[in-house]
Amino acid sequence: MAYFDQLPNVYVSEGITSSENYKYRLVKNLFRRTIARDDLDKYTTFFENYSIRDGDTPASLANAICGDSFKDWIILTINNITDFYSQWPMTTDRLQQFVEEKYDSIDGLHHWETNEILYNGIVFIKEGIEVNETFRAVLPDGSTKTKVESIYPVSNYEYEEYHNELKRQILLPNSQIIDLIVEEFEDIVEYQPNRELDNSNNKKTTLSIAQRFLDRKGIIYGSTSRAATNTVVTQFDYGSTTAATSATAGVASSITVTTSTTPSPTPSPTPSPTPSPTPSPTPSPTPSPTPSPTPSPTPSPSPSPGGGSYGGGYGGGGHRGH
């Protein structure tokens with residue numbers, strides 16, 4: 001029995017691009033799969049080691065062992081092979097071609113590895129450890145091995161050939177375990193009873209009508225905070241008054257700051273907090289064309305100190321700061 005024949009079916013929606021009813025297509029559920037246990041090599045009575053030879057394929061091995069080439073998935077599943085083209089060993093001719101295409105020179109240096117170093121008859125350094133060219137073996141007695149004694153070069157072809165040979169070592173099941181593997185595989189990939197199965201055990205997840213109105217990537221709601229600062233300058237007879245209003249979105253409050261300067265009849269040695277744009281040794285209390293020889297102690301007009309509104313005392317003729 002072929003591999004895909006044993007996978008369960010699932011209904012897949014064809015999309016919601018139109019206003020008509022949902023359309024579903026019945027397909028194989030490729031997401032249902034199994035992996036082999038890591039300790040299969042311990043069960044020597046059910047499996048045996050095998051070295052793949054040039055010309056061997058999963059189908060040819062399955063036909064020789066199971067009598068059915070369509071059971072090649074058993075060979076692949078036991079050895080956790082998911083990509084035949086990269087995990088199955090290459091033939092000698094294909095390996096030669098692969099190395100020539102991958103490297104500039106098949107005999108070029110790939111890396112260095114350690115030689116086996118003994119000390120008093122005991123292995124002090126194992127063979128095959130990848131190191132750099134400057135490595136030298138230093139023994140416990142302080143002696144140092146030479147470069148030839150410590151390391152050896154590995155060419156590009158030797159490196160690829162070694163990894164290709166590792167792929168040749170696989171496990172093959174015997175006839176006693178094959179039927180059990182098929183039965184267990186069917187039990188693992190089948191659906192458990194649930195309300196989404198029909199009478200033929202085909203799985204169908206019904207789409208919601210709300211999906212027609214939602215973006216595929218979902219909807220994200222966000223809020224932003226905006227702050228604005230306005231500066232209003234109102235010109236009066238006695239200098240300028242600056243009103244700064246600050247407001248923040250979401251806050252139902254505002255602050256208004258007003259600064260006013262009353263000119264003094266006699267210049268003060270201390271500068272005024274808000275200097276007049278044109279300093280005068282003897283400022284005039286009023287903008288009258290003919291200045292008075294004796295300034296009035298209380299200039300008129302002047303803002304009322306007890307006024308309840310901004311710029312009090314000017315009535316309807318003055319400007320208001322907002």
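Residues numbered from 1 in each chain as written. Predicted model: local features only at pLDDT ≥ 70, side-chain atom pairs only at ≥ 80, totals over all residues. Heavy atoms only, no water.

**Notes on a negative patch on the surface**
Then step 1. Taken together, the side chains of Asp179, Glu183, Glu184, Glu186, Asp187 and Glu190 present a region of like negative charge at the surface.
Then step 2. Position of Asp187 relative to the elements: it lies in helix H7 (residues 175-189).
Then step 3. The class of Asp187 is partly exposed, set by a relative accessible area of 48%. (Patch = residues over 30% accessible without salt bridge, like charges linked within 9 Å, V, L, I, M, F, W, Y side chains within 5 Å. Areas by Shrake-Rupley, 256 points an atom, 1.4 Å probe, with all protein chains shown as cover. Salt bridge = Lys/Arg side-chain N within 4 Å of Asp/Glu carboxyl O. Lys, Arg positive; Asp, Glu negative; His and termini not counted. Charge placed at Lys NZ, Arg CZ, Asp CG, Glu CD. Helix = DSSP H or I, 4+ residues; strand = E, 2+ residues; numbered from the N terminus. Buried < 20%, exposed > 50% of the residue type's maximum accessible area, 1.4 Å probe, protein only.)

**With respect to the nonpolar core**
Generally speaking, nonpolar side chains in soluble globular proteins are found buried as a group.
Then step 1. Ranked by size, the top nonpolar core spans 14 residues in total, and within it Leu40, Phe47, Trp73, Ile74, Ile78, Ile181 and Phe185 carry the most contacts.
Then step 2. Of all the elements in the fold, those that place two or more residues in this core are helix H2 (72-78) and H7.
Then step 3. Top contributing element to this core by residue count: H7, with six residues.
Then step 4. Non-local contacts of Ile181, meaning those with residues more than four positions away in its chain, are made with Phe47, Ile74, Ile78 and Pro173.
Then step 5. Ranked by size, the runner-up nonpolar core spans 10 residues in total, among them Ile75, Leu76, Ile81 and Trp88. (Core = buried A, V, L, I, M, F, W, Y, C linked by side-chain atoms within 4.5 Å. Contact = heavy atoms within 4.5 Å.)

**A word on unusual backbone geometry**
Backbone geometry follows two general trends: most residues other than glycine have a negative phi, and most peptide bonds adopt the trans configuration.
Then step 1. The backbone of Asn80 sits at a positive phi, close to 55°, despite the residue not being glycine.
Then step 2. Examined against the element boundaries, Asn80 turns out to sit in the loop between H2 and helix H3 (84-87).
Then step 3. The partly exposed category is assigned to Asn80, whose relative accessible area is 33%.
Then step 4. Unlike most non-glycine residues, Asn201 shows phi in positive territory, near 60°.
Then step 5. Relative to the helices and strands, Asn201 resides in the loop between H7 and strand S10 (203-204).

**As for the confidence of the model for the protein**
When pLDDT drops low, the exact placement of atoms in the prediction is not to be read closely.
Then step 1. With 61% of its residues at a pLDDT of at least 70, the protein reaches an overall mean of 73.
Then step 2. Segment residues 217-237: pLDDT under 50, and 34 contacts once partners within four positions in sequence are set aside and those in other chains are kept. (pLDDT = per-residue confidence, 0-100.)

**A closer look at the sheet that holds strand S4 (residues 109-114)**
Then step 1. Strand order across the open sheet formed by three strands is S7-S4-S8, with antiparallel pairing between neighbours. Lying at the two open borders of the sheet, with one neighbouring strand each, are strand S7 (130-131) and strand S8 (151-155).
Then step 2. Alignment of S4 against S8, held across five bridges, turns out to be antiparallel. Opposite Trp112, over in S8, you have Pro153 as the bridge partner. (Pairing = 2+ DSSP bridges.)

**Quick notes on the packing of aromatic side chains**
The description of two aromatic rings rests on the distance between their centres and on the angle between their planes.
Then step 1. A full pass over the atoms with the stated rule returns four aromatic pairs.
Then step 2. Ring geometry for Trp73 and Phe185: centres 4.7 Å apart, planes at 40°, overall tilted. Remark: Phe185 occurs in helix H7 and Trp73 occurs in helix H2; sequence separation between them is 112 residues. Phe185 shares its class with Trp73; the two are buried.
Then step 3. Between Tyr119 and Phe124 the ring centres are 6.5 Å apart and the planes differ by 55°, which places this aromatic pair in the tilted class.
Then step 4. Here a set of aromatic residues connected by ring pairs shows up, and it is made of Phe84, Tyr85 and Trp88.
Then step 5. Its end group placed over the ring of Tyr11, Lys204 keeps NZ or CZ at 5.6 Å from the ring centre.
Then step 6. Between the NZ or CZ atom of Lys204 and the centre of the ring of Tyr24, over which it lies, the distance is 4.3 Å. (Phe/Tyr/Trp six-rings, centres within 6.5 Å; stacked < 30°, edge-to-face > 60°. Lys NZ or Arg CZ within 6 Å of the ring centre and 35° of its normal.)

**What about the packing of helix H4 (residues 92-102) against helix H6 (residues 156-166)?**
Any two packed helices are characterised by how steeply their axes cross, that is the angle between the axes, and by the distance between the axes.
Then step 1. The contact between H4 and H6 brings their axes to 10 Å, and the two run at 135°. Here H6 runs oblique to H4, going by the angle between their axes. Note on packing geometry: the crossing formed by H4 with H6 is right-handed. Counting all contacts with H4, which are made through Leu95, Gln96, Phe98, Val99 and Lys102, the residues of H6 involved are Asn156, Tyr157, Glu160, Glu161 and Asn164.
Then step 2. Broken down by class, the residue content of the contact of H4 with H6 amounts to four nonpolar, three polar and three charged. (Axes fitted to C-alpha atoms, helices over the stretch in contact; angles between N-to-C directions. Parallel < 35°, antiparallel > 145°, perpendicular 65-115°, else oblique. Left-handed = near helix turned anticlockwise from the far one by under 90°. Nonpolar A, V, L, I, M, F, W, Y, C, P; charged D, E, K, R; others polar.)

**What to know about the sheet that holds S10**
Strand pairing in a sheet relies on backbone hydrogen bonds, with the paired strands running either antiparallel or parallel.
Then step 1. Spatially, three strands are ordered S2-S1-S10 in an open sheet, and the strand pairing comes out mixed. In the strand order of this sheet, the two ends are held by strand S2 (24-28) and S10, each with one partner.

**Considering the pattern of salt bridges**
Then step 1. Under the criterion given, the structure shown has six salt bridges.
Then step 2. The salt bridge partner of Lys102 is Glu160, with a shortest N-O separation of 3.0 Å. Here Lys102, found in helix H4, pairs with Glu160, found in helix H6; they are 58 residues apart in sequence, far enough to count as distant.
Then step 3. Given the relative accessible area of 9%, Glu160 is considered buried.
Then step 4. Of the charged contacts, one joins Lys147 and Glu133 as a salt bridge, the two residues approaching to 2.8 Å between their closest N and O atoms. Here Lys147 is found in helix H5 (residues 147-150), whereas its partner Glu133 is found in the loop between S7 and H5, with 14 residues between them in sequence.

**Quick notes on the side chain of Asn115**
Then step 1. Along the chain, Asn115 turns up in the loop between S4 and strand S5 (117-119).
Then step 2. A relative accessible area of 19% means that Asn115 is categorised as buried.
Then step 3. For Asn115, the contacting residues outside a window of four places in its chain are Ile125, Lys126, Glu127, Val148, Glu149, Ser150, Ile151 and Tyr152.

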